[in-house]
Every structure is written in C-alpha cells, then in structure tokens.
Amino acid sequence: MAVIGILAVQGDFDAHSKAVGAVGERWKLVKKPSDLDGVSGLILPGGESTTFLKHLEEEGLAEPIRQFARTKPVFGTCAGAILLAETVENPAQPSLGLMQITVRRNAYGRQLSSSIRTLTAEPELSEIGPEAGTPMEAVLIRAPVITAAGAQVRTLARLQGDPALVRQGFLLAGTFHPELTTDTRVHRYFCQIAAQVGKSSSVSPAEHK
Amino acid sequence: MDEQLFRLKTGLAEMLKGGVIMDVTTAEQAKIAENAGAVAVMALERVPADIRKEGGVARMASIKVIRDIMKCVSIPVMAKVRIGHVAEAQILQALEVDYIDESEVLTPADEEHHINKHAFEVPFVCGARNLGEALRRIAEGAALIRTKGEAGSGNVVEAVRHIRAIVREIKTLAALPEEELMAESKKLGAPYELVRKVAREGHLPVPNFSAGGIATPADAALVMQLGAESVFVGSGIFKSTDPERRAKAIVKATTHYDDPAVLLEASEELGEAMRGLDIAQIDEKDLLQTRGW
C-alpha cells in the first residue's frame, strides 16, 4: 500500500497528515533523507519557506528531494509551492527549482490580507470524491501568487484568473491550503497521482527500452 | 464571517508549528533570527531579562523599530502589547503586524480585564499557566496559546510546570463523563462550551506553544516532548554569548526534539547560555507570570 511522506521540518504537517488520513491513505513524517525510503508521494506543507530552506540545507535534504521528484509525485502548498518553483520573487531566494513556475511570496500582503475565497477548478479536480460538484474553498494565509508558468505547466484551479493550483507531470503546486478545510479533493487528486505513478513504476526499467 | 476570521487567525498559527519565534529589539537582530531559521520574530522594546533588571514601565515597542523590522524580514512579525491595552493593540493592527502578543512581560495596563480580541482582525497570542487561563483567553478571542513560564529567567522550570498542567488538565477533562463537565467548567473558571469542546476533541481549539525561560536547545526539546507545538525564545538567544549559533541550534532542536543524536549535535560548541535565575530567589512581586489571570 502507498505511503505519503509529509515534510515535517516545520509548518502545518500535522494538518496535512489529517487530510491524507481523511482520504484513507497512510502517511509518515519526513525530517531526514532516510525518511524518504518507501514513500510513494511527498507533500511539502505550508510554513515559512526561509525556515524550510535552512533545514533542507542543514539536513542535506534538497538533493534527495530533487532525486525523489524525478520518479515520484510531489505536492507543495504555499511555502511548499515556493520550494518547488524555478523562480521566487519578493524577495528572490533559492528553491528546489523543480517546476517551471515563478512564485511571488506574500503577494497579497501581510496577515490582515489573508482570506478565504472560492476557486474556479477544472472538472478533473472538482468532480472527484464525495464533494464532487460543490464549490471549492481556497484558504490563503500570507499567500503567494504564481505569476508565470511554463509550457509544460497545466492550471487545475484559478483565483480571479491567476493560477492557484498547477500541475507539471506528476508535480503539483498550490498557493492555498486544502489541508485547512474539510474538502478532500486536492489530497484525493494527489493520492491518485501517487497511486498511478506507483503502478507504472513497478514495471522494470528494462521493459521501457 | 467570524468563523472564517477565526480560521485565518489559527491558520497562521498552524504555519508556525514546529518552529521557533524569537524576541528581537532591532532590525539587525531580526535579520539574524531570520537567517537562523526563525519562523517569526517578536518585536519588543527590551528583552525580558533587561526589563527584569532595569525595571520601569515596559510598553509596546517603538513604532519605528517595529516598522524597520517589518521592512527587513520576510517572515511574520509579531509585537507585544500590555495586558488590557486596547489602544496599543489598535495601533499595532493599523501598522499591520502579523500577530499581537498580549503579554505579561510588559507592565499591565489593566489589572482586571484582558483585551476583547474578537474585536480585532489581527490574530492574538496570549500566555497561560493552566487550562482554565488558556480557555479564558481563547473565549476572549486568542487564536494561539503559549505557556507563560517565567520570562527573562533563563529557567525552564515554570514553562515545564505550565505545559504539564495544560496537557494533564486536557487529559483529565477528556476522561470525565459529560455530566461532570459543568462542575469542572466552574472549577476551571472557563466557559462551559469550550470545556465541552476540549473534552470531546482532546486538545485546545487553537495551537499550543511554549514560552518563558527557554535558553538552550535541550530546553526547547524538553517542552516539545511535553506537548508544545512550537517555542518562543526571548532573552535566551540575544543574552547568550553567540546568538547566531544558539538561534540555529534551538531551531534544529525544535524540529528534531525526539532525536537525541541530533540534539547532541545541536548542543555542541554553543558558547555560554544566559546566566539564569533560580525562581525561588525572585521576589513574589517580581514574578511576571502572575500578571493577568
């Protein structure tokens, strides 16, 4: 059975573990490289991206996560999406650079500009699970905005025209916090990707030749 | 709307979990804190150890200092107001700080009443020594609770006493039959509805952090092991001989609080910790934790 890893160096990993549990999947917390063993998909939670970067450097986690993302799905929310981005603005800072997106930190402003809004989502996301067809909430906490996306990036949900949840291959990045709602669709969607990738990678590399 | 606002307030606290919030008095210190991996900084006029030593009335930090700090870091900026000082809180909300700490470290402005925090859009954190106090503050609108400990003492004993009390009282509550909750609510001095909620869910309705006397990586790991979800470090960092290294070490210890090998690493070559005080040597009237109720 699949196990979803949740980066737990800091941030709302606790809320993510509950959200993964709510769609019936197993999970484990990831704090060091060896914790990635046996993990079929990785969630980079919300939190402070500058703090995440210090821990990734300190624990030597950046390279193992990059390697992981070559063959397995990764989902970043808020600070996690900032880590996945190729380019980070406001201020410029290093990242894992795994997705062709530009992310602007704290794009709406400080905490007083945090808000709950309604997403416009593609059917492949909005029509799954028991909540299919109902409106999707976006909880934005000092949230970033995806200001540019490359050709390989597909938008799954928008907020007033801006991409809010994007997918590139089996990588997923969102500017909002589905883990702070009771709506299970985004986590369900990610766990489905992890299950599909898990199945196809059980084919031995030789058969691909 | 109120329910949405509460979710946004506690939402930011969720983002701060597993992290260290550091007291700073200047923009330079804030930058050091951010570079060390702090999840947020707390702006104040003087660190608690200096307030304790120098005496006088401790107030909200100067606006210029808070503004400079907000400009120089990208992490959330919190600032302290005096207990019951509604106007200081209004000013900090107008300044758009990310969190307000209604703190016993500053000289109280009101000895009977805390701020009605529901009236604010900016979230508040408040100190507590036990479950009753935590629930009274939550009822007033606090979105985050921290232990009071004994600020500026460099002695973790009070923070330990307070986190243990809160965790134990929650467990006790969860084991009680429904019909005993009203009497328990009376005993705790806390609203019945909140008491019922805690009894049902087995945790506070807001995140639960620790503060007050944390001076070493081991101290941070200890309160995390006892159930704190993040730590506030005040005088412990900038009153030590090598603040940068100590800040980094406490950040590391907070994340890996249950891994002794990493704690050992974090505890090496730290320079001297702040001197610290025996709580028994502090005059009763000089205790900060007894401010507020």
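Look up: the structure comes first, before these words.
The following paragraphs examine the structure supplied in this document. (Residues numbered from 1 in each chain as written. Chains lettered and ligands numbered in written order. Predicted model: local features only at pLDDT ≥ 70, side-chain atom pairs only at ≥ 80, totals over all residues. Heavy atoms only, no water.)

### Some thoughts on the sheet that holds strand S9 (residues 145-149) of chain A
Hydrogen bonds between backbone groups are what pair the strands of a sheet, and the pairing can be parallel or antiparallel.
All names here are of chain A.
Inference 1: The 3 strands are arranged S5-S6-S9 in an open sheet whose pairing can be described as mixed. Where the open sheet ends on each side, the last strands, each with one partner, are strand S5 (85-89) and S9. In this sheet, adjacent strand axes meet at a mean angle of 25° when their direction is disregarded.
Inference 2: Pairing analysis gives 4 bridges linking strand S6 (residues 99-104) to S9, with the strands arranged antiparallel. The partner of Val 103 across the bridge, within S9, is Ile 146. (Pairing = 2+ DSSP bridges. Helix = DSSP H or I, 4+ residues; strand = E, 2+ residues; numbered from the N terminus. Axes fitted to C-alpha atoms, helices over the stretch in contact; angles between N-to-C directions.)

### Some words on the interface of chain A and chain B
Inference 1: Between chain A and chain B, the contact holds 37 residues from the first and 37 residues from the second.
Inference 2: For the pair chain A and chain B, the summed buried area comes to about 2,800 Å², and 55% of that belongs to carbon and sulfur atoms.
Inference 3: Three residues, Arg 110, Gln 111 and Leu 112 of chain A, lead the burial of chain A against chain B; their summed loss comes to 25% of the area buried on that side.
Inference 4: In this assembly, chain A and chain B are joined by 6 salt bridges.
Inference 5: Its salt-bridge partner being Asp 98 of chain B, residue Arg 110 of chain A comes within 2.7 Å of it at the nearest N-O pair. (Contact = heavy atoms within 4.5 Å. Buried area = accessible area lost by both parts, 1.4 Å probe. Salt bridge = Lys/Arg side-chain N within 4 Å of Asp/Glu carboxyl O.)

### Considerations on empty space enclosed by the protein
Residue and element names in this part refer to chain A.
Inference 1: Following the criterion strictly, the structure yields 5 cavities of 30 Å³ or more and no others.
Inference 2: In this structure, the largest cavity spans a volume of roughly 190 Å³.
Inference 3: For the lining of the largest cavity, a count of residues per class yields 9 nonpolar, 9 polar and 6 charged.
Inference 4: Estimated volume of the second largest cavity: approximately 120 Å³.
Inference 5: Around the second largest cavity sit 16 residues that line it, and Gly 47, Glu 48, Cys 78, Asn 106 and Arg 142 are the ones nearest its centre.
Inference 6: Grouping the constituent residues of the lining of the second largest cavity by class yields 8 nonpolar, 5 polar and 3 charged. (1 Å grid on protein atoms, 1.4 Å probe; cavity = no way out; pocket = protein on both sides within 12 Å on 5 of 7 lines; lining within 4 Å. Points joined across faces, edges and corners; volume = space filled by probe spheres on them. Nonpolar A, V, L, I, M, F, W, Y, C, P; charged D, E, K, R; others polar.)

### Quick word on the nonpolar core
Residue and element names in this part refer to chain B.
Inference 1: Counting 46 residues, the largest nonpolar core has Met 22, Val 41, Ile 66, Ile 69, Leu 92 and Val 97 as the members making the most contacts within it.
Inference 2: Top element by residues in this core is helix H2 (residues 27-36). It accounts for 4 residues.
Inference 3: Beyond its immediate stretch of four places on either side in the chain, Ile 66 contacts Ala 43, Ala 61, Ala 79, Leu 92, Leu 95 and Val 97. (Core = buried A, V, L, I, M, F, W, Y, C linked by side-chain atoms within 4.5 Å. Buried < 20%, exposed > 50% of the residue type's maximum accessible area, 1.4 Å probe, protein only.)

### A closer look at helix H6 (residues 131-139) of chain B
Residues and elements named next belong to chain B.
Inference 1: Of all 9 residues making up H6, 8 are buried, and the element is well covered by its neighbours.
Inference 2: Three or more residues of H6 are buried, namely Leu 131, Gly 132, Glu 133, Ala 134, Leu 135, Arg 136, Arg 137 and Ile 138.
Inference 3: At its buried positions, H6 is contacted by strand S5 (124-128), strand S6 (144-147), helix H7 (157-175), helix H8 (181-188) and helix H9 (192-201).
Inference 4: The distance from a side-chain oxygen at the start of H6 to the backbone nitrogen of Gly 132 is 3.3 Å, and the residue carrying that oxygen is Asn 130.
Inference 5: A positive phi of about 115° marks Gly 141, the residue just after H6. (Polar contact = N/O pair within 3.5 Å; in protein donor to acceptor, adjacent residues only side chain to side chain.)

### Concerning the layout of surface pockets
Inference 1: Of the volumes computed, that of the largest pocket is approximately 1,100 Å³.
Inference 2: At the level of elements, helix H1 (13-22) and strand S8 (136-140) of chain A together with helix H1 (2-15), H7 and H9 of chain B are the ones that each hand at least two residues to the lining of the largest pocket.
Inference 3: No other element matches the 6 residues that H1 of chain B contributes to the lining of the largest pocket.
Inference 4: Of the residues belonging to the lining of the largest pocket, the class tally is 13 nonpolar, 10 polar and 13 charged.

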